[in-house]
4 protein chains.
Amino acid sequence: MTAIAALPEQNATRRTERIPVAVLGATGSVGQRFIQLLEHHPWFRLHEVVASERSAGKTYAAAADWRLETLLPGDAGTLTVKNLGDELESRLLFSGLDSSVAGEAEDDYANRGCAVISNSRNHRMDADVPLLIPEINADHLDAIEEQKKHRAGYIVTNPNCSVIGLAMALAPLERAFGVEAVHVTTMQAISGAGYAGVASYAILDNVIPFIGGGEEDKIETEPRKILGKWNGRFDDAPMTISAQVNRTPVIDGHLMTISAKLRERVSIDNVRAAIEAFTGEPQRLGLPSAPKRPLHYIDAPDRPQPRLDRDREHGMSVSVGRLRPCPLLDLRMVALVHNTVRGAAGAAILNAELLEARGLL
Amino acid sequence: MTAIAALPEQNATRRTERIPVAVLGATGSVGQRFIQLLEHHPWFRLHEVVASERSAGKTYAAAADWRLETLLPGDAGTLTVKNLGDELESRLLFSGLDSSVAGEAEDDYANRGCAVISNSRNHRMDADVPLLIPEINADHLDAIEEQKKHRAGYIVTNPNCSVIGLAMALAPLERAFGVEAVHVTTMQAISGAGYAGVASYAILDNVIPFIGGGEEDKIETEPRKILGKWNGRFDDAPMTISAQVNRTPVIDGHLMTISAKLRERVSIDNVRAAIEAFTGEPQRLGLPSAPKRPLHYIDAPDRPQPRLDRDREHGMSVSVGRLRPCPLLDLRMVALVHNTVRGAAGAAILNAELLEARGLL
Amino acid sequence: MTAIAALPEQNATRRTERIPVAVLGATGSVGQRFIQLLEHHPWFRLHEVVASERSAGKTYAAAADWRLETLLPGDAGTLTVKNLGDELESRLLFSGLDSSVAGEAEDDYANRGCAVISNSRNHRMDADVPLLIPEINADHLDAIEEQKKHRAGYIVTNPNCSVIGLAMALAPLERAFGVEAVHVTTMQAISGAGYAGVASYAILDNVIPFIGGGEEDKIETEPRKILGKWNGRFDDAPMTISAQVNRTPVIDGHLMTISAKLRERVSIDNVRAAIEAFTGEPQRLGLPSAPKRPLHYIDAPDRPQPRLDRDREHGMSVSVGRLRPCPLLDLRMVALVHNTVRGAAGAAILNAELLEARGLL
Amino acid sequence: MTAIAALPEQNATRRTERIPVAVLGATGSVGQRFIQLLEHHPWFRLHEVVASERSAGKTYAAAADWRLETLLPGDAGTLTVKNLGDELESRLLFSGLDSSVAGEAEDDYANRGCAVISNSRNHRMDADVPLLIPEINADHLDAIEEQKKHRAGYIVTNPNCSVIGLAMALAPLERAFGVEAVHVTTMQAISGAGYAGVASYAILDNVIPFIGGGEEDKIETEPRKILGKWNGRFDDAPMTISAQVNRTPVIDGHLMTISAKLRERVSIDNVRAAIEAFTGEPQRLGLPSAPKRPLHYIDAPDRPQPRLDRDREHGMSVSVGRLRPCPLLDLRMVALVHNTVRGAAGAAILNAELLEARGLL
């Protein structure tokens, strides 16, 4: 059993009437993670699975090439896969769709009145779509009102997997002191590319200093929206970010070295105190998937490390360590995020929990 | 056969009277690499092997736990290991001594009149010891005169394995435009820590954001001496460097992401031209271990990569790629150095070749 | 959180008065696993930690270089480490001692009246010491009577990590049809060698066809005792085993290919039915650490696999797959055991649970 | 530079008029290896490259996604890719075609009068096609006469990559003592599956006890043909082989544990002497790609190992070690073959060299 499978049980008791949900892109790697995380969810119940025409009509067990360490939940396996575009009974949809189809399909379902909670990149930078990390910018949900002016439902997105780690590590600094500039080099896990995304012949005994799909661009732009403000429109946080990305032979867990320049002169001790005190809406509301502490500061000189620290709080916490001065900017640190849990499906589920707690579903 | 074993044969014909040399710390991982690289050297002939008391008196074959892919050279295997401190017949010594003993032992042999070509860190920052990369600062050899004032022989050192990659990548920029500030994150191979330095349980499916022995400090200071000037004393290059280091599950090859701020405004094309035109004394002199091109610029968007590029020119070239603007400083790039060849024993041997070509042996 | 940490909570409720236990060799890798598994144990309470003179007198937190993914249990961290040989308050001792000291120390404590539950190899083949796998040979505990004739306490051992996987896979075949001959090739995880046992430079991009400490000999002899009978003395099962062992770059989980010749002609279907029906005392008694099914037969053509299947039932189940005829012997199959859980500390704890359930503590 | 690139230069001087050759399936992983090995070949000159319709008409540099450590040979890069089925100028064809198309295409070119030297599996077991390992069964080339009765050209194949290692290790035993039964478990490298054949997410921190494409069946049947006799038809060697295969996280090099039963009682020393004395036609003829010793017996208790031993004699030698008695059959040993050199393209080239030396081209 992986750590995350038991996730929702810790914080909340099971409701008698759970909300039926659909997973779009259910056979892919993010889709499978959604189905794993929803198995014991106290508020949500997997009701429909949706995939491409090739899978439609089959049982989910037959259509999905299940790759996770936990067993395929029996209930999920017997569901018949629906075709993307079909009318759905669920009003709450989790999208793990490939970006080649997510843009249109998510718009379509939102127009039909659904709440689409998406992990795909297509709508993240839309002018009226929240790019949500509940601990950081819960107030960005106000943008849903803007969407409601032109359609029955709405879309809420979560950031890129690396961005969640970076934005979480920067959030307490931005809140307390302001962040002016950031240098980040990522060392990313292979699972970020999906099951067949990285050939073993490419990555064994190797590091690849490149990740496709505009990874560096996402890391340089998404945090500015996340850490920015909603005032009827999104005002980006005025920080400059420079990102260099690498793929490493690690299963799960994106590690990153960060240097940052703050807007105030402040001691390292004060920065650390801000990181350790960081908390947000999910913690206040006791959301089922919320970690007790969204950021774990680790004291050891050689941590965080992907294999040792990625599963903290069921993979929903970001770990930070090695906070120290930078000869060039103000401070340096190392951060780690579980890229397929907090950095993808777990993030979307936490987003949906916040929507439910706010009465927006 | 590894690439490097054939190294010296390409550039120079074998001399009839080769110079007898000793290797200090001969049983360690750097010592073994020295012995491998010297096997077919056209100018130098392995004459003595020196190690700690535990190995002294044994044959080298019995004392060394040989770990390289090539076979232990037969001639080397039959040598009797001498005790560190023993009087030696060789006047040219290669030192791969552990830093716990290198400081004193190298001083001692230099005082006795030997030329000590050291890979150890102890004397790198000494006021009269060249920290030599022949392509960059061959003129630093003038510092030997300063040493000769107080002892019969002298010490010449090569930089830390990561520093060689970084300094080589920066050298054409410093020469042409001046470098003001550098941000570097390294992803280093396990061989940098010696044979038993990194436990497999520590590094498999993992990255460790820390390397002991003051690695970050070396990367922030050594390049300033290397790229600086000798005017009777060493004047450091006036650049600021910020380093963050990581250990990755890679056998050989230190990869690094670099951001740099130049003293002049210059186009990326001009920077690239400077990198591609870079050459130095070893190339002009046709030294046996000199690569034809000390820097290889690779055009592919995902290169250099350790496994694919570390062996270029028998591991003696540094590879550079992904040159592009930086939103924060001026430019970004990726560099790769074979840490145990160009970054260690191969560097020391090239240093000795320069000394010989200059008539300093 | 790893799977195994939550292990005991599934099967049994916590007793108000838990039995105080000591861990011998507490700072080593098996010792750490003992402490992890005991954290929430419903029957046993960690009371004393014992290590070598070097650690004695320190707190456990200071003495142990904690290497597991779960955090060091707070209660354990504050215990003061006792010196091996000291008088202990606990009467139940778990031994993860190194074989260089285990022989004498375990005898000593058993003579003083303690129940010593050992993972070390020293006493496994003793004429009156059970080599226990509770699902297979619970009746071997009768040998304790023999020990009691000459000392106040007793020793019970568990087998070598690979042997547990092999013996579990063979047990239903031996019971139902008799096993005459076995060919086994193991592909073992690096954790079997302890934290620093396998250098990353030795195993990355590699397989090593050798494991020291008499590994092949253990695999060829221990199963014969385990599957044999106690009739006042141990009569070995009359089977011949040929073992070839390999170390692979896998964190946890020993995989093995097995060919076996049976004493009866029987269909593959019948063999499979015997494997799937296999159960034993721990299941009947509902012991806290007992897996529901000691053997999991997996239908997929490419399973079991270490990373996907090692954690089944918190690492306490052995997985079997690819059962098919053998052109040479009768049948072939693949088996997998979590070497540090079911194959080491978890095995010892299950042994102690059986002793407690039998009233032997 | 990899070891193999320089391969042909060691044994033979370059001919003034080299034979023009074509490579079928030139863009695939075996095809690329052919082109690498042919770069400096003294007898053969790459003249045409052939691939599927998708690549036809492009330059080879544009069509091939070059993945080897050495640079794409410039001459090869400028060739225009021909379409499979096109009329070719070359009469000697190396085939690295995928088995989905190899069967028909190779027949077709052989019918047109070409000598087709194939690494594909389709025709290996044909009644008149040699399954050639020149050290073992050079006389099987007589079967070409049989082919010539019904077509203008002919096909010669080399065995599966694992089979070459196994058959080479068994050949001296079969010759000297007769082999009755063999048990083999392979631990195979990822490169055996082609560039994208094994996803990193599937194999990192893992071993997979399965390889598709009938791998076990090939290992159980091909050696019997290879070690058998040609008497107007192929008579298989009367040995029984049981194979179990595994994929391991190793780049190159198939390792295997072998147990064998001989037809004569013989000492281990005699078996070893037979292995060390083994030689064949390629050595007698001094073929350009022939290793000096086709089998290397290594004395160390933990060898051969893939990373340390795969490149012996440019990857053309098979390494053997750990020869010792077997409690079940007669003897046990470990063998290693470089699967993409001696086990694939290098094997085919050696086959062509033998044909040329015999005047059959």
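Keep in mind it's a predicted model, so treat the numbers as computed, not measured.

What counts as what
Residues numbered from 1 in each chain as written. Chains lettered and ligands numbered in written order. Predicted model: local features only at pLDDT ≥ 70, side-chain atom pairs only at ≥ 80, totals over all residues. Heavy atoms only, no water. Pairing = 2+ DSSP bridges. Helix = DSSP H or I, 4+ residues; strand = E, 2+ residues; numbered from the N terminus. Axes fitted to C-alpha atoms, helices over the stretch in contact; angles between N-to-C directions. Contact = heavy atoms within 4.5 Å. Parallel < 35°, antiparallel > 145°, perpendicular 65-115°, else oblique. Left-handed = near helix turned anticlockwise from the far one by under 90°. Nonpolar A, V, L, I, M, F, W, Y, C, P; charged D, E, K, R; others polar. Buried area = accessible area lost by both parts, 1.4 Å probe. Salt bridge = Lys/Arg side-chain N within 4 Å of Asp/Glu carboxyl O. Polar contact = N/O pair within 3.5 Å; in protein donor to acceptor, adjacent residues only side chain to side chain. Buried < 20%, exposed > 50% of the residue type's maximum accessible area, 1.4 Å probe, protein only. Least-squares fit on C-alpha atoms with pLDDT ≥ 70 in both. Expected span 1.5 Å × (residues − 1). Bend = angle between axes of the 7 residues up to and from the residue. Domains from an automatic or database assignment.

This part is about the sheet that holds strand S4 (residues 92-95) of chain A. Residue and element names in this part refer to chain A. Strand order in the open sheet formed by six strands is S3-S2-S1-S4-S5-S6, and the pairing between neighbours is parallel. Every interior strand has two partners, whereas the edge strands, strand S3 (81-83) and strand S6 (154-157), have only one. If you compare each strand with its neighbour and ignore which way they point, the axes differ by 30 degrees on average. Most of the contacts of helix H1 (residues 29-38) go to strand S1 (residues 19-24), to which it runs at about 160 degrees, and overall it touches S1, strand S2 (44-51) and S4.

This part is about the sheet that holds strand S2 (residues 44-51) of chain D. All names here are of chain D. An order of S3-S2-S1-S4-S5-S6 is seen for the six strands of this open sheet, with the pairing classed as parallel. The outermost strands of the open sheet, each flanked by one partner alone, are strand S3 (82-83) and strand S6 (154-157). Where strand S4 (residues 92-95) lies against strand S5 (residues 115-118), four bridges are found, and the strand directions are parallel. Counterpart to Leu-92 in the pairing with S5 is Ala-115.

Here we take up the packing of helix H1 (residues 29-38) of chain D against helix H13 (residues 341-357) of chain D. Residue and element names in this part refer to chain D. The geometry of H1 relative to H13 is characterised by a closest axis approach of 10 Å and an angle of 55 degrees between their N-to-C directions. Comparing the axis directions of H1 and H13 gives the class oblique. In this structure, H1 meets H13 at a crossing whose hand is right-handed. Counting all contacts with H1, which are made through Val-30, Arg-33, Phe-34, Leu-37 and Leu-38, the residues of H13 involved are Val-341, Ala-345, Gly-346, Ala-348 and Ile-349. Across the contact of H1 with H13, the residue classes tally to eight nonpolar, one polar and one charged.

What follows concerns the interface of chain D and chain B. Chain D puts 11 residues into the contact, and the matching count from chain B is 11 residues. Carbon and sulfur atoms make up 53% of the area that chain D and chain B hide from each other, which totals about 1100 Å². Viewed at the interface, chain B and chain D are joined by zero salt bridges. Taken together, chain D and chain B are joined by zero residue pairs in polar contact (both at pLDDT 80 or more).

Residue and element names in this part refer to chain A. Tracing the chain through its elements places Ser-95 in strand S4. Classification of Ser-95 as buried rests on a relative accessible area of 0%. A polar atom in the side chain of Ser-95 sits 2.6 Å from the side chain of Glu-106.

Looking now at the environment of A:Lys261. All names here are of chain A. Considering the arrangement of structural elements, one finds Lys-261 in strand S11 (residues 254-262). The exposure class of Lys-261 is partly exposed, given its relative accessible area of 31%. Each C-alpha atom, one on Lys-261 and one on Leu-329, is 4.8 Å from the other, the two residues being 68 residues apart in sequence. Dropping the residues within four chain positions of it, Lys-261 is found in contact with Gly-178, Val-179, Glu-180, Ala-181, Leu-329 and Asp-330.

So, about the interface of chain A and chain B. Counting residues at the interface gives 49 residues for chain A, matched by 49 residues for chain B. Both sides together, the interface formed by chain A and chain B hides about 3700 Å², and carbon and sulfur atoms give 54% of it. A per-residue breakdown of the area chain A buries against chain B is headed by A:Asp205, A:Arg307 and A:Leu328, which together make up 18% of the total. As a salt-bridge pair, A:Arg324 and B:Glu216 come within 3.1 Å of each other at their nearest N and O atoms. Where chain A touches chain B, the interface holds 33 residue pairs in polar contact (both at pLDDT 80 or more). Secondary structure elements with two or more residues in the side of chain A that touches chain B: strand S7 (179-188), helix H8 (200-203), helix H9 (215-226), strand S10 (240-247), S11, helix H12 (306-309), strand S13 (318-325) and strand S14 (331-337) of chain A. Ranked by the residues each element gives to the side of chain A that touches chain B, the list is headed by S10(A), at seven residues. Here the residues of the side of chain A that touches chain B are counted per class, giving 27 nonpolar, 11 polar and 11 charged.

Moving on to the packing of helix H7 (residues 161-176) of chain D against helix H9 (residues 215-226) of chain D. Residue and element names in this part refer to chain D. At their nearest, the axes of H7 and H9 sit 9 Å apart, and the two run at 45 degrees to each other. Between H7 and H9, the crossing angle belongs to the class labelled oblique. The handedness of the crossing between H7 and H9 is right-handed. Counted together, Cys-161, Ser-162, Val-163, Leu-166 and Ala-167 of H7 and Glu-215, Lys-218, Ile-219, Glu-222, Pro-223 and Ile-226 of H9 form the full contact between these two elements. Looking at side-chain class alone, the contact of H7 with H9 contains seven nonpolar, one polar and three charged residues.

Our focus in this paragraph is the relation of the copies chain D and chain B. Take chain D, turn it by 180 degrees, move it 0.0 Å along the axis, and it overlays chain B with an RMSD of 0.0 Å. As the rotation angle and translation indicate, the two copies are arranged about a two-fold axis. Comparing contact sets, 100% of the residues at the interface of chain D also lie at the interface in chain B, consistent with an isologous, same-surface contact.

This next bit is on unusual backbone geometry. Going from C:Arg303 to C:Pro304, the amide bond is cis rather than trans, its omega being 0 degrees. One can find C:Pro304 in the loop between strand S12 (295-298) and helix H12 (306-309). In the Ramachandran plot, A:Asp205 falls in the positive-phi region, its phi being about 55 degrees despite a non-glycine side chain. Looking at the element boundaries, A:Asp205 is found in the loop between H8 and H9. Residue A:Asp205 is classed as buried on the basis of its relative accessible area, which comes to 3%.

Let's shift gears to helix H13 (residues 341-357) of chain B. All names here are of chain B. Between its terminal C-alpha atoms H13 stretches only 21 Å, short of the 24 Å expected from 17 residues at 1.5 Å a residue. At Ala-347, H13 shows its largest kink, close to 50 degrees. Among the 17 residues in H13, 16 count as buried, and that is most of the element. Taken from the residues just after H13, Gly-359 is the one with a positive phi, measuring 75 degrees.

What follows is about the domain arrangement of chain A. All names here are of chain A. Per the domain assignment, the segments making up chain A are domain 1 (19-159 + 345-357) and domain 2 (161-339). Taking the mean C-alpha position of each, domain 1 and domain 2 sit 24 Å from one another. Taken together, the contact between domain 1 and domain 2 spans 35 residues of the former and 37 residues of the latter. It is Glu-135, Ile-136 and His-140 in domain 1 that bury the most area against domain 2; as a group they hold 24% of the surface buried on that side. One can count one salt bridge joining domain 1 with domain 2. One salt bridge in this structure joins Glu-222 and Arg-124, with 2.9 Å as the shortest N-O distance. Here domain 1 is connected to domain 2 by nine residue pairs in polar contact (both at pLDDT 80 or more). Where the side of domain 1 that touches domain 2 is concerned, the elements lending two or more residues are H1, helix H5 (134-137), helix H6 (143-148) and helix H13 (341-357). Per-element accounting of the side of domain 1 that touches domain 2 gives the leading share, seven residues, to H13. When its residues are assigned to classes, the side of domain 1 that touches domain 2 shows 18 nonpolar, six polar and 11 charged.

This next bit is on the pairing of strand S14 (residues 331-337) of chain B. Along any regular strand the residues' side chains alternate between the sheet's two faces. All names here are of chain B. Among the seven residues of S14, seven are classified as buried, and the element is accordingly described as predominantly covered. Going residue by residue along S14, you find Leu-331, Met-333, Ala-335 and Val-337 tucked away on one face and Arg-332, Val-334 and Leu-336 tucked away on the opposite face as well. Pairing analysis gives seven bridges linking strand S11 (residues 254-262) to S14, with the strands arranged antiparallel. Note on S14: the bridge partner recorded for Met-256 is Ala-335. In textbook terms, the turn of a hairpin is the stretch between consecutive antiparallel strands, and for strand S13 (residues 318-325) and S14 this stretch comprises five residues.

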